[in-house]
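Residue-level structure breakdown
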Amino acid sequence: MSEVDDAAGFIEPVSMEDDPAELFAGDTGTLDVDVRRVLVRLLRRRFLLAEKHPAQWRTLLENQQIIESRLHDLFVRLVVDHDRGIAYKQQVRSAELEVPILLRDDPYNRAETLVLVHLRTVYQRERSTGETSARVDIEELEQTVLTYFDPDDHNLARSQREIQNAVQRLAADGLLTEESQGRYRITPLVEVVLSIERLTELSGWLRERNGAAT
């Protein structure tokens, strides 16, 4: 039978097997399950990295327009850095339009910021010499970052725990990848999180602060 039955004068109904399947009771969503997972990950996490999640990265690129549209409905902008293989979201802000704020700033604490500055410095130094990647050892990282802690604070174990916790968070955010015990590779994400201009500003402030403490 053809799609339009001339004799009967009606369009042949679509079989139930061709209806979009519900993912849960009462589901009215239209996105495939893999696309929904990427959308949720973008909302829940700071970044989506092609290197760590290649399947989700492909799904994002194949469905970028519809994912952007869903985020725009929430006043959230999607940024896709193809060169670095990084995708992240930004809160839309406007002086002309009252925008409800969905994304709250989750700033790094003192130890995390100090570790971040060191990672960005090492990454910048290695890239300037032509290296395609940069790595850091936890012992060397601790020794450097500890120089910026209060010299009157003699609780070394507590300071080391702060640095180790900072490393864990930055690794969870995708800025570090542990290649072996205590040795990490710095990812290109560090360039996105901390610009060279901001690095220069923070480094100068830390040098002044450290010099005054000395």
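Basis of the calculations
Residues numbered from 1 in each chain as written. Predicted model: local features only at pLDDT ≥ 70, side-chain atom pairs only at ≥ 80, totals over all residues. Heavy atoms only, no water. Phe/Tyr/Trp six-rings, centres within 6.5 Å; stacked < 30°, edge-to-face > 60°. Helix = DSSP H or I, 4+ residues; strand = E, 2+ residues; numbered from the N terminus. Lys NZ or Arg CZ within 6 Å of the ring centre and 35° of its normal. Salt bridge = Lys/Arg side-chain N within 4 Å of Asp/Glu carboxyl O. Buried < 20%, exposed > 50% of the residue type's maximum accessible area, 1.4 Å probe, protein only. Pairing = 2+ DSSP bridges. Axes fitted to C-alpha atoms, helices over the stretch in contact; angles between N-to-C directions. Contact = heavy atoms within 4.5 Å.

The next subject is the packing of aromatic side chains. Per the stated rule, a full pass over the model turns up one aromatic pair. Taken together, a centroid distance of 6.0 Å and an interplanar angle of 70 degrees make the contact between Phe-47 and Tyr-88 edge-to-face. Remark: Tyr-88 occurs in strand S5 (residues 86-91) and Phe-47 occurs in strand S3 (residues 47-49); sequence separation between them is 41 residues. Over the face of the ring belonging to Tyr-108 we find Arg-46, whose NZ or CZ atom lies 4.6 Å from the ring centre.

It is worth spelling out the pattern of salt bridges at this point. In this structure the tally under the stated criterion is twelve salt bridges. One salt bridge in this structure joins Glu-112 and Arg-169, with 2.9 Å as the shortest N-O distance. Linking Glu-112 in helix H4 (residues 110-128) with Arg-169 in helix H6 (residues 156-172), this pair joins segments that are 57 residues apart in sequence. Of the two residues, Glu-112 and Arg-169, neither departs from the other in class, the shared state being buried. Where salt bridges share partners, they join Glu-51, Arg-135, Glu-179 and Arg-185 into one cluster.

Turning next to the sheet that holds strand S6 (residues 134-137). Strand order across the open sheet formed by three strands is S6-S8-S7, with antiparallel pairing between neighbours. Pairing within the sheet leaves two strands with one partner each, and these edge strands are S6 and strand S7 (176-180). For this sheet, the mean inter-axis angle between neighbouring strands, taken without regard to orientation, is 35 degrees. Here S6 pairs with strand S8 (residues 183-186) via four bridges, running antiparallel. Residue Arg-135 lies in a different strand from S8, and its bridge partner there is Arg-185. Lying on the sheet, H4 is in contact with S6, S7 and S8; it crosses S6 at an angle near 135 degrees.

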